Amino acid sequence: MTAVKTASVHIVRHYGTSGGMEKYVYNLTLALARQGQAVTVLCEQSEPADSDAEGIDVIKLGQPVSRPRWLAQWVFSRRVAKHVAVTDYSNAIIHSHERTSVHQVTTFHGPPFAMRKRRLLDFLSPRIAMWTYLEKRELLAGQVQQILPNSALIASYLNDLYPAAAKKITAPAHPAVDAGLANLQAKPKGLTIGFMGREWHRKGLDIACQIIEATRQRVPDAKFIVAGCDVKKIAPMFKHWPENSYQLMGWLDSTSPFLSQIDLLLHPARAEPFGMVIAEANAAGVPVLISNNCGIAPLIGRHQGEVLAITGDQPDIGLWTEASVRLLQSQQEIVPLNLSWDNLATQHRNLYHELLST
């Protein structure tokens, strides 16, 4: 069956793979182009070589302001609006991944700014005023037809904070993973637990350390590998650990070297909009032990691992330890979630076709 043809304009400040949201947009647009869809990208700057973005029209609007971020976002929004005003996109869906003013579709990739803890003098802050304005406009402007949360967790936040937008919020558009992870040649020994994440406190590294120390009481040879964190900042957390009980890998450009060494991914996050490393671990056949604060949690069942509660900073370490030991010793085959970029592109293509036909 021939794929329905659509045209879409994607808005992202940095087009490339420099961050989670950026990687999402980059891979989604490539997948749409592979399916024969017309794709335009409006950005400040672009990383990929022309050959990588074949079939995609990348328009660079420049970056006159980079700091502070709230001002840079507003300036970019103005540049996008100016470009769209003089360009005919009447046969395309304008899809923003940023805080812009001209989109019919927006994807919400992280926790809403409105979730922040409010303080008495917030009204004096131009930063807070601008982010609040940009977020409301992104979600509530009259031309906005669909809001795509990247997880059910984000959808629940948006529904609570912006009830006026509830009818526009769709089913989640989950991030996908690289197909090559399924072929990762791991050498599991059943004793290595991994943690990965740059924002280590939000993702629960300190909690993970407590769980690992308790797990080592049951499995003395268990090893802990930590990746993605600034080694200098987290090293003091391990100063009393036996030298051969842990490894700090630092930042990695790819998760493959990390995932190929672990037998269990531990992710006791306090807040995690989705959890890409969890999806990647699943694709690589690694069981996961994660908190209910992860956006991906509703997708994780007993064939992928376990989901446990994190409330406050003092979770039930004993409960997490039991689950950790259980998963390390389990021989159950991991069932993949099949989160592919091509499936995500098909979801978007169908949405665009529906909106363009109305």
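Caption draft 1: Molecular detail of the overall build of the protein. Across its full length, the protein holds eleven helices and 14 strands. Relative to its length of 358 residues, the protein is compact, with a C-alpha radius of gyration of 21 Å against a globular reference of 21 Å. Along the three orthogonal principal directions, the C-alpha set of the protein runs to about 65 × 60 × 35 Å. Burial statistics for the protein: of 358 residues in total, 52% are counted as buried. Considering only intrachain contacts with a sequence separation of at least 6, the fraction spanning at least 24 residues in the protein is 64%. Summed over its atoms, the accessible surface of the protein is roughly 17,100 Å², and 52% of this surface lies on carbon and sulfur atoms.

Caption draft 2: Structural view of the state of the cysteines. Following the criterion strictly, the structure yields zero disulfides and no others. Looking at the unpaired Cys 294, the closest cysteine sulfur is the one in Cys 229, lying at 15 Å.

Caption draft 3: Region of the structure containing the packing of aromatic side chains. Per the counting criterion, the structure on display carries eight aromatic pairs. On the basis of an interplanar angle of 45° and a centroid distance of 6.3 Å, the ring pair of Phe 224 and Phe 238 is categorised as tilted. Pair noted here: Phe 224 is in strand β10 (residues 223-227) and Phe 238 is in the loop between α7 (231-234) and β11 (246-250), with a separation of 14 residues, a long-range link. Judged by its relative accessible area of 0%, Phe 224 falls in the buried class. Ring centres 6.1 Å apart and planes at 85° place the aromatic pair Trp 241 and Tyr 246 in the edge-to-face group. Residue Trp 241 is classed as buried on the basis of its relative accessible area of 7%. Taking relative accessible area as the criterion, Tyr 246 reaches 23% and is therefore assigned partly exposed. Three or more aromatic residues joined by ring pairs form one cluster here, namely Phe 224, Phe 238, Trp 241 and Tyr 246. Across from the ring centre of Trp 251, 4.2 Å away, lies the NZ or CZ of Arg 198, which sits over that ring.

Caption draft 4: Molecular detail of the nonpolar core. The biggest cluster of nonpolar side chains holds 52 residues, and the ones touching the most others in it are Phe 258, Leu 265, Ile 278, Ile 290 and Ile 296. Tallying contributions element by element places helix α1 (residues 20-34) first for this core, with nine residues. Formed by 24 residues, the second largest nonpolar core is a distinct cluster that contains Leu 205, Phe 224, Ile 234 and Leu 328.

Caption draft 5: Structural view of a nonpolar patch on the surface. Judged by side-chain polarity, Leu 120, Leu 121, Phe 123 and Leu 124 come together as a nonpolar surface patch covering roughly 530 Å² of accessible area. Note that Leu 121 resides in the loop between β7 (105-108) and α3 (126-140). For Leu 121, a relative accessible area of 53% gives the class exposed.

Rules and cut-offs
Residues numbered from 1 in each chain as written. Predicted model: local features only at pLDDT ≥ 70, side-chain atom pairs only at ≥ 80, totals over all residues. Heavy atoms only, no water. Helix = DSSP H or I, 4+ residues; strand = E, 2+ residues; numbered from the N terminus. Rg over C-alpha atoms; globule rule 2.2 N^0.38 Å. Buried < 20%, exposed > 50% of the residue type's maximum accessible area, 1.4 Å probe, protein only. Contact = heavy atoms within 4.5 Å. Areas by Shrake-Rupley, 256 points an atom, 1.4 Å probe, with all protein chains shown as cover. Disulfide = S-S within 2.5 Å. Phe/Tyr/Trp six-rings, centres within 6.5 Å; stacked < 30°, edge-to-face > 60°. Lys NZ or Arg CZ within 6 Å of the ring centre and 35° of its normal. Core = buried A, V, L, I, M, F, W, Y, C linked by side-chain atoms within 4.5 Å. Patch = residues over 30% accessible without salt bridge, like charges linked within 9 Å, V, L, I, M, F, W, Y side chains within 5 Å. Salt bridge = Lys/Arg side-chain N within 4 Å of Asp/Glu carboxyl O.

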